[in-house]
Number of protein chains: 2
Amino acid sequence: MRIVVIGGVAAGTSAAAKARRNDENAEIVIYDRDKDISYAVFCLQKKKGGIIKDRKKLVPRDSKFFKERYNIDVFTSHSVLDIRPDVKKLIVQNDVTGERFEDKYDKLLIATGARPIMPPIQGIDKPNVFPLRSVAHADAINEFIEKNQPERAVIVGGGFIGLEMAENLVHRGIAVGLADMAQQVMTPMDEDMAIYVQKHLEQNGVKLHLGHAVQALLGSDYVTHVQLADNISIETDMVIMAIGIKPNVELAKKINIKLGPTGAIAVDSRMQTSIPDVYAAGDCAEAYSVINGKPLYRPLGSTANKMGRIAGDQMTGGDLEFRGILGTSIFKTFDLTVAQTGLSEKEAKAQGYDVVVCHNIKYDHAEYYPDSKEMIIKAVADKATHRVLGAQIVGPRGVDKRIDVFATAITFGAKAEDLFHLDLAYAPPFSTAKDPVIYTGMILEGILNRNRPLMTPHQLIQRQLGGELITIIDTREPEAYKNGHIEGAVNIPLANLRSQAKRLDKNIPVVTYCNRGVTGNAAQNVLLQMGFKEVYNLSGGYFNYMAIK
Amino acid sequence: MRIVVIGGVAAGTSAAAKARRNDENAEIVIYDRDKDISYAVFCLQKKKGGIIKDRKKLVPRDSKFFKERYNIDVFTSHSVLDIRPDVKKLIVQNDVTGERFEDKYDKLLIATGARPIMPPIQGIDKPNVFPLRSVAHADAINEFIEKNQPERAVIVGGGFIGLEMAENLVHRGIAVGLADMAQQVMTPMDEDMAIYVQKHLEQNGVKLHLGHAVQALLGSDYVTHVQLADNISIETDMVIMAIGIKPNVELAKKINIKLGPTGAIAVDSRMQTSIPDVYAAGDCAEAYSVINGKPLYRPLGSTANKMGRIAGDQMTGGDLEFRGILGTSIFKTFDLTVAQTGLSEKEAKAQGYDVVVCHNIKYDHAEYYPDSKEMIIKAVADKATHRVLGAQIVGPRGVDKRIDVFATAITFGAKAEDLFHLDLAYAPPFSTAKDPVIYTGMILEGILNRNRPLMTPHQLIQRQLGGELITIIDTREPEAYKNGHIEGAVNIPLANLRSQAKRLDKNIPVVTYCNRGVTGNAAQNVLLQMGFKEVYNLSGGYFNYMAIK
């Protein structure tokens, strides 16, 4: 049996290695256009000194490694030009010598990956415009910076590659502008969570230009101005294009493999394409949601590894099947960790779910233990089934743990009520007696089962703008109220609420709030039991309101 | 309705607060013998400067707080002397004035907590012998140290309180000895994991005296020697007793409430005791395992909070039910985090499970990204159902995250095969493309489904001692082999294995190993496919073997 793999990064090498583990006798060949294989695509990380210096660490495995360890033949700088599925042959070109030859396969894996989107705008081909995806790209950016010492850079695209790059460049002393046609960074997230990221970027000196599409990159030899819609022009010494990536499906299209609605190669749970004995895996292939099976294109190294392993197993007769993804993602920009799993509120609504949401601001570990920091969690649950659909978390510490707990719980179909019962590890350096995830479950459960509705800051602002009469009660101490409060709020500290609430109209909707939501919840409990008809606690409290306002 | 709560720490205050949230009109009273309530029992944490200085932070809530926020009456320094369930009355004593009075209840919660075990040995009552459990205990220890400047201390008990204390005292410049009658520290863990903790303690200057029971504390006014079995005597200036805690069940026994097999108060999923309208929660109550419902006494703040909330809900007509615990625990000693969830190997075996185990040494995040550190994970799965039964993790970083992911997965009944499919968050600062948990699942799955058995270092040593003929293959490069290898191992680097293995006897059992197990697994694959009958990969590789040896 001869297995041919096209593409030698995460999915391709995972597949080949797994195939070998299953079958010692198969012939296994990898072709890759690039001169490096198996590099960590997403590890273009930044330290103060610049993008990772020890380039060898980024390319941990070479052809020799694969031959010795797995008896796999890797041909780098080799392009597969065409496939003939009817006779199971392919045409390969040695890109160094130009020589072309025919190869054959019994099982073929397309793992051609993805590439940065470079829109066909004026100036895109100038020498100081850089895509960012591969080690080669990072090398080119590094080289340009060292040689030209740019003072300013514009990053086009507010996704995580763009935001990681922003930190990198700021740490090198470069003035960074970041442009995105969307009104927010990180479009997979909800706007009310992206705002926290945006504030942090601005605090770190990144100038944001949101809501304006890039129209042209202007300049004679080099780009000197980025021209945005609405007549905005930003001076710059270099441009990083990070608006997204698209799957490399040219080869697949050539042989009429079916693509999915996201434009990536459609595969079944065995990683099989629409053509027999042709598999696809990694960034060129379409995944689907664990939650509801809907197509999802979130090209990430962790998913590519999974898909590759499954493809390798299937090509050698195994029965490992793909179960889908949650689109879990995480990245760090400056001091902030930003993570997401499952569906955002907007995504869930777009898919037809009637949802409840909460914002939960909590310390990552016991407040009194050194270095505790607050994070904000936004969680989304399905009103009908109570199933947790997704979570977004932003904060300096402990975010990775909570997103993984959410991801695990969601994978197993957790309902909001289930989170409270998790026996998570508690000690002051690591968590709080009620972990933020547990607390989030308690809030969602209160909305779903115990008539303890939340109102988000957005909803409050909209209802106020609509002219609706709402009693807003600031339940904090007078000093806090004096230092700043929501316009129109009356100050009734919780301790006085039981007596003072009697004079309020029970038929007017009430919103209670404190700083983060805990005392607001206590006040909500009191008022509901006093017979107030409609009482909301402000989601995430005053802190969240001020962030969003 | 009148709700009386006996005990005002985690469970008692959680219950009272929840009862109030549910019922604005109930009378709610808490009696506590202590003068502080709601303090964080387990937060007796240590910094270099000593146990936490700002004592206020440890007692965040006082009587005034509970009155203002929840309209709950808290009586500190009040002991409940007796209960009369037949007439729903109790006798209370004001411990300051000595006054006694009668109170009545509709619902009663016993949340009397637990206390340190102080064995009745000679010298236990000397003034330089300290239990460690409450803020008052910590104060007493602090005061003694400041006043007497002890040079040496002996901690009796190798549980997490003892080990946290060891770090604390070492950081104050005190020479610390730690004695435990068991042959290992942290008896809930398996010996082959506790060994990692022991080595770390020794590296940090803690002198361990394991396997010797304490017989007496000798000295005239003060203890000057701790006398252990086997004629061992340790000189010391102070003694910390940390051999464990036992539930405060005297009051419960007085009224013939049923205790469970662990000696704590038996409760059902509603926290009801054997006496109607009398509930119990927190460290005085017995929990049970999420996995199989077996009684479990692991008194921890997180569990006490859960039980309290459930009791408070039930006493006010709610339907929240306890689902049990995994006994998840975590602590930090020096630079090491030590965590555990579910069943250990010995516990699982004692409960009749036929188990498979693996040891998995992995980086907490991408090796090339700064500050990555290795952790060791031991996981236990049930051979019959493939269910993951438990995990133990030791390492300097990222341990808390993985134990919580295991705890969450185990709670939902995860099988070994499920772990691979988790879509956990990956970026180089936070994890590896295959997270350690995912990798652990892959190893377990290999044992269970793909005939890729592991041999633990213990098993290898035992089989060698039994005189069995085993081919041991060191698959590492010759330099590594030269620097140290398992006695009797032959060195066949993986790259040469396919050719050189031909001359080996296929009928003799083979053990392969590398440093951590990955290359050993690759070698195992090769040999099994070459027709070797019985091939094991060494669990955790050479590193784990050397740790245990």
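To keep things clear, this report deals only with the structure shown in the data block. Given the structure is predicted, the values throughout are model-derived calculations rather than measurements.

### Some points on the packing of aromatic side chains
All names here are of chain B.
Move 1: Counted according to the given criterion, the structure contains 19 aromatic pairs over all chains.
Move 2: On the numbers, 5.9 Å between centres and 20° between planes, the contact of Tyr513 with Tyr542 is stacked. On the criterion of sequence distance, the pair formed by Tyr513 in strand β31 (residues 510-513) and Tyr542 in helix α17 (residues 541-548) is long-range, its members being 29 residues apart. Pair check on accessibility: Tyr513 and Tyr542 agree, each one buried.

### What about the side chain of Ser539 of chain B?
Move 1: Tracing the backbone shows Ser539 of chain B in the loop between β32 (535-538) and α17.
Move 2: Residue classification places Ser539 of chain B among the buried residues on the basis of a relative accessible area of 0%.

### Re the environment of Asp364 of chain B
Residues and elements named next belong to chain B.
Move 1: With respect to the secondary-structure elements, Asp364 resides in the loop between β25 (355-363) and β26 (374-382).
Move 2: In the structure, Asp364 is positioned 65 residues away from Pro429 in sequence and 8.9 Å away in space, judged by C-alpha atoms.
Move 3: Non-local contacts of Asp364, meaning those with residues more than four positions away in its chain, are made with Asp371, Ser372, Lys373, Met375, Arg397, Gly398, Arg402, Phe430 and Ser431.
Move 4: A polar contact is formed between the side chain of Asp364 and the side chain of Arg397, at a distance of 3.1 Å.

### Quick word on the interface of chain A and chain B
Move 1: The partner chain B presents 81 residues to the 81 residues of chain A that form the contact.
Move 2: Taken over both partners, the interface formed by chain A and chain B buries close to 7,400 Å², and the fraction arising from carbon and sulfur atoms is 58%.
Move 3: Contact with chain B buries area across many residues of chain A, yet Arg69, Tyr368 and Asp423 of chain A alone supply 11% of it, more than any other trio.
Move 4: In this assembly, chain A and chain B are joined by eight salt bridges.
Move 5: The partner of Asp400 of chain A in a salt bridge is Lys401 of chain B, and the shortest N-O contact between them spans 2.9 Å.

### With respect to the pattern of salt bridges
All names here are of chain B.
Move 1: Taken as a whole, this structure holds 64 salt bridges over all chains when the rule is applied.
Move 2: Here Arg133 and Asp283 are joined by a salt bridge, their closest N and O atoms 2.5 Å apart. Within this pair, whereas Arg133 is found in the loop between β11 (129-131) and α4 (135-148), its partner Asp283 is found in the loop between β20 (278-280) and β21 (287-288), the two being separated by 150 residues in sequence. Side by side, Arg133 and Asp283 carry an identical accessibility label, which is buried.
Move 3: Close ionic contact of Glu347 with Arg298 constitutes a salt bridge, the shortest N to O distance being 3.0 Å.

### A word on the relation of the copies chain A and chain B
Move 1: Aligned on chain B, chain A shows an RMSD of 0.0 Å; the corresponding rotation is 180° and the shift along the axis is 0.0 Å. What the superposition gives is, in effect, a two-fold axis relating one chain to the other. Taking C-alpha positions as the reference, the residue of chain A nearest the rotation axis is Lys401 of chain A, at 2.3 Å.
Move 2: Comparing contact sets, 100% of the residues at the interface of chain A also lie at the interface in chain B, consistent with an isologous, same-surface contact.

### Digging into the packing of helix α6 (residues 191-203) of chain A against helix α17 (residues 541-548) of chain A
Residue and element names in this part refer to chain A.
Move 1: Look at α6 against α17: their axes get within 9 Å of each other, and the N-to-C directions meet at 75°. Regarding the angle of α6 to α17, the classification is roughly perpendicular. Between α6 and α17, the contacting residues are Asp192, Ile195, Tyr196 and Lys199 on the first element and Phe543, Asn544, Met546, Ala547 and Ile548 on the second.

### Structural notes on the state of the cysteines
Residue and element names in this part refer to chain B.
Move 1: For the structure shown, the criterion picks out zero disulfides over all chains.
Move 2: Left unpaired, Cys358 is separated from the closest cysteine sulfur, that of Cys514, by 14 Å.
Move 3: For Cys358, a relative accessible area of 0% gives the class buried.

### Side note on the packing of helix α16 (residues 518-529) of chain A against helix α1 (residues 10-22) of chain B
Move 1: Closest axis-to-axis distance for the α16 of chain A/α1 of chain B pair is 8 Å, and the angle between their directions is 40°. Compared by their axis directions, α16 of chain A and α1 of chain B come out oblique. Along its contact with α16 of chain A, which presents Asn521, Asn525 and Gln529 of chain A, the element α1 of chain B presents Arg20, Arg21 and Asn22 of chain B.

### Some points on the pairing of strand β7 (residues 89-94) of chain B
Residue and element names in this part refer to chain B.
Move 1: Bridge count for strand β6 (residues 78-84) against β7 is six bridges, and the pairing is antiparallel. Looking at β7, one finds that Ile83 is bridged to Leu90.
Move 2: Between the antiparallel neighbours β6 and β7 lie four residues, among them Lys88 with a positive phi of about 55°.
Move 3: Bridge count between β7 and strand β8 (residues 100-104): five bridges; the pairing is antiparallel. Note that in β8 the partner of Ile91 across the bridge is Glu102.
Move 4: Hairpin connection from β7 to β8: five residues lie between these consecutive antiparallel strands, with Gly98 at a positive phi of about 85°.

### Thoughts on the sheet that holds strand β18 (residues 239-241) of chain B
All names here are of chain B.
Move 1: If you trace the five strands from one edge of the open sheet to the other, you get β11-β18-β12-β13-β14, paired in parallel fashion. For this open sheet the edge positions go to β11 and β14 (207-210), each flanked by a neighbour on one side alone. Direction aside, the axes of adjacent strands within the sheet are offset by 20° on average.
Move 2: The sheet contacts of α4 involve β11 and β18, and relative to β11 the element is tilted by about 150°.
Move 3: Each of β12 (152-156), β13 (175-180) and β18 is contacted by helix α5 (residues 160-171), which is oriented at about 165° to β13, the strand it contacts most.

Conventions used here
Residues numbered from 1 in each chain as written. Chains lettered and ligands numbered in written order. Predicted model: local features only at pLDDT ≥ 70, side-chain atom pairs only at ≥ 80, totals over all residues. Heavy atoms only, no water. Phe/Tyr/Trp six-rings, centres within 6.5 Å; stacked < 30°, edge-to-face > 60°. Helix = DSSP H or I, 4+ residues; strand = E, 2+ residues; numbered from the N terminus. Buried < 20%, exposed > 50% of the residue type's maximum accessible area, 1.4 Å probe, protein only. Contact = heavy atoms within 4.5 Å. Polar contact = N/O pair within 3.5 Å; in protein donor to acceptor, adjacent residues only side chain to side chain. Buried area = accessible area lost by both parts, 1.4 Å probe. Salt bridge = Lys/Arg side-chain N within 4 Å of Asp/Glu carboxyl O. Least-squares fit on C-alpha atoms with pLDDT ≥ 70 in both. Axes fitted to C-alpha atoms, helices over the stretch in contact; angles between N-to-C directions. Parallel < 35°, antiparallel > 145°, perpendicular 65-115°, else oblique. Disulfide = S-S within 2.5 Å. Pairing = 2+ DSSP bridges.

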